[in-house]
Amino acid sequence: MVSATSQDMGFLYLSHPPRSAQARGRAWCTFNPLTLYRVEQYVMGGGGLDIHYGIYRKPTDGVYESSKATNKNLLQSLDWMCPITKDSVVLDLGSGHGGISHELATTYGCKVVGLNISPEQNGMNEEEAKKLGVAELIEVLVGDFNEGLPKDWDNKFSHIVSCEVFCHAASKPALLKECLRVLKPGGGFAFTDIMGADGADEKALKDFTDRNATTEMARPSGYQQQMRDAGFAQVSWWDGSCHLEHYFASMLKVCHDHKEAMLAEGVPAGYLQNWVSSLTERVDIQRNKKVFAWGIFSARKDGPVV
């Protein structure tokens, strides 16, 4: 997990550790990693380990339900690119606490390799896999993808999935090329990410990247071109940006509704207040300027269909 400096405490989202050296320098600082995890598990995961943006299907959905809906749609997109079977071997790139890995293993019975920079997160991933009875299907490795993926991984994986991790890549084109290299011919690829909307207010986005220890925010059109340039085929993009304002507002509601519980678990009041301030700002700016984009990208590597 990542802790934050006093200047970064009001950030909106950093569920995966920052990837660039510059970002790590800004973020690996003062707070106990457990503090951020406690807040994120409430505010973004709804108590679960799926700490990422959500898709709303019902008026009663909260962050937990919307995050689960994202899992379902992301894995469905991956399966459409290449059928996921019990014989599949999936790379969960930037696997975090392992929510997607667990869903893959429990749903499809396939093997999953999680690559993630944080030993603390990896330990939580493995612990939960044991509780779910899928520990034998999930391997978790410590690694920084900015240093490149292992050289002996050529054509290793039938699928690659990633959830809001590319925003921390020092070079998105380089990482996409690495993903193509380690994917088997005919393999499927799907990921989500938080981005700037095409034509977004640059100042508003700079405020976000400065707070969130991300590199420059991508754009949907840019990602699609970079995927094609890397050599991916059948590149597609599902735009879920319409869910962002509601998700930000849901996160803010959790901050208010579970304030006392988080404080009782040791979350500093000032730290929590900075989340509230930042989220209030995000709701307003997304409602009025629509500067953020989010959704699901999918593609495949040329090769056999089955």
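None of the values given here were measured: they were computed from a predicted structure.

Trainee: Mind showing me how you'd approach the side chain of Glu 178 here?
Mentor: For Glu 178, the position within the fold is in helix α6 (residues 172–182). The class for Glu 178 is buried, based on a relative accessible area of 16%. Only 2.9 Å separates the side chain of Glu 178 from the side chain of Arg 181, close enough to count as a polar contact. If near-sequence neighbours (up to four positions away) are discounted, Glu 178 is found in contact with Gly 148 and Leu 149.

Trainee: Is there a simple way to think about the sheet that holds strand β4 (residues 157–163) in this case?
Mentor: As a general point, the strands of a sheet are linked pairwise by backbone hydrogen bonds and lie either parallel or antiparallel. Spatially, 7 strands are ordered β3-β2-β1-β4-β5-β7-β6 in an open sheet, and the strand pairing comes out mixed. The outermost strands of the open sheet, each flanked by one partner alone, are β3 (138–142) and β6 (233–239). When strand polarity is set aside, the average angle formed by the axes of neighbouring strands in this sheet is 15 degrees. Judged from the 3 bridges that link them, strand β1 (residues 89–93) and β4 form a sheet pairing that is parallel. Residue pairing in the sheet places Asp 92 in a bridge with Val 161 of β4.

Trainee: It is not clear to me how the confidence of the model for the chain should be interpreted in this structure. Could you clarify?
Mentor: Low-pLDDT stretches of the model should not have their predicted coordinates read in fine detail. When pLDDT is averaged along the chain, the result is 85; 83% of the residues meet or exceed 70. When the criterion is pLDDT under 50, residues 1–31 qualifies, and its contacts beyond four places in sequence or with other chains add up to 122 contacts.

Procedures and definitions
Residues numbered from 1 in each chain as written. Predicted model: local features only at pLDDT ≥ 70, side-chain atom pairs only at ≥ 80, totals over all residues. Heavy atoms only, no water. Helix = DSSP H or I, 4+ residues; strand = E, 2+ residues; numbered from the N terminus. Buried < 20%, exposed > 50% of the residue type's maximum accessible area, 1.4 Å probe, protein only. Polar contact = N/O pair within 3.5 Å; in protein donor to acceptor, adjacent residues only side chain to side chain. Contact = heavy atoms within 4.5 Å. Pairing = 2+ DSSP bridges. Axes fitted to C-alpha atoms, helices over the stretch in contact; angles between N-to-C directions. pLDDT = per-residue confidence, 0-100.

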